[in-house]
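Chain by chain, the residues run as shown.
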Amino acid sequence: RPPNSQPHQSLNYSPTPDIIPVTDIIPQESARQGEFESHPAFEIVPDNQGIIEVFIGLVNSKTSTLSIAKMTIPLIGLPFQTNEFDEYTVVLNGLLNVETNETTFFVNAGQAIIIQKGERVRYRTPHPSRAKYIAICLPGFSPGAVHHEE
């Protein structure tokens, strides 16, 4: 970790950002038709721990540099894990408790948190309807890059 860097950043943006059409970001000639499915791949995490909907990643686009997924975690939460990627999390609904060795962050809908690679972390929710969030991983998620504790 670089000197003076913050291991965790909790961000809350109240104004709604402008929505920019993808065609304004990616020139049409560089977009490849049919490179990956237009619908997310659904993957159920073992032991009824939640649902992962992969939009971009190894599962559907064969992308390893970045992954984007919508996560739904159950009331019991997930076990502690240490990741080999930075994870940028934006909570869509519910309340997400993000536990690290240092503290517990309470991240509400509309807020975000960054967990750096190598940080021990656990995601939980006290919200009865589960918490849903977008997870962006750099480099992209792969099963071998997540080390779960039992």
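Residues numbered from 1 in each chain as written. Predicted model: local features only at pLDDT ≥ 70, side-chain atom pairs only at ≥ 80, totals over all residues. Heavy atoms only, no water.

### Some points on the overall build of the protein
Within the protein, the secondary structure is distributed over one helix and 12 strands. For the protein, the succession of helices and strands along the chain, N to C, is β-α-β-β-β-β-β-β-β-β-β-β-β. The buried share of the protein, taken over its 150 residues, is 36%. Taking as baseline every contact in the protein between residues at least 6 positions apart, the subset at least 24 positions apart corresponds to 65%. As displayed, the protein offers around 9500 Å² of accessible surface, 56% of which is attributable to carbon and sulfur atoms. (Helix = DSSP H or I, 4+ residues; strand = E, 2+ residues; numbered from the N terminus. Buried < 20%, exposed > 50% of the residue type's maximum accessible area, 1.4 Å probe, protein only. Contact = heavy atoms within 4.5 Å. Areas by Shrake-Rupley, 256 points an atom, 1.4 Å probe, with all protein chains shown as cover.)

### Regarding the pattern of salt bridges
Inspection of the entire model under this criterion finds four salt bridges. With a shortest N-O distance of 3.0 Å, Arg 122 and Glu 99 are connected by a salt bridge. Separated by 23 residues along the polypeptide, Arg 122 in strand β10 (residues 120–124) and Glu 99 in strand β7 (residues 95–100) bring together distant segments of the chain. In terms of burial, Arg 122 and Glu 99 fall into one category: buried. (Salt bridge = Lys/Arg side-chain N within 4 Å of Asp/Glu carboxyl O.)

### Topic: the nonpolar core
Core analysis: the biggest nonpolar cluster contains 17 residues, and Ile 73, Leu 96, Val 98, Tyr 123 and Tyr 133 have the highest contact counts within it. Ignoring any residue separated from it by four or fewer positions in sequence, one finds Tyr 133 in contact with Ala 69, Lys 70, Met 71, Ile 73, Leu 78, Glu 87, Thr 89, Val 90, Val 91, Leu 92, Leu 96 and Tyr 123. (Core = buried A, V, L, I, M, F, W, Y, C linked by side-chain atoms within 4.5 Å.)

### Quick word on the packing of aromatic side chains
All told, the structure shown has two aromatic pairs when counted by the stated rule. Residues Phe 85 and Phe 141 carry aromatic rings whose centres are separated by 6.2 Å and whose planes lie at 70° to one another, so their mutual orientation is edge-to-face. Of this pair, Phe 85 sits in the loop between β5 (81–83) and β6 (86–93) while Phe 141 sits in the loop between β11 (131–138) and β12 (146–148), and the two are 56 residues apart along the sequence. In this structure Phe 85 comes out as buried when scored by relative accessible area, which is 2%. An angle of 25° between the planes, with centres 5.7 Å apart, marks the rings of Tyr 123 and Tyr 133 as stacked. A residue pair is termed long-range when its members are at least 10 positions apart, and Tyr 123 in strand β10 and Tyr 133 in strand β11 qualify at 10 residues. Take Tyr 133: its relative accessible area is 1%, and that puts it in the buried class. (Phe/Tyr/Trp six-rings, centres within 6.5 Å; stacked < 30°, edge-to-face > 60°.)

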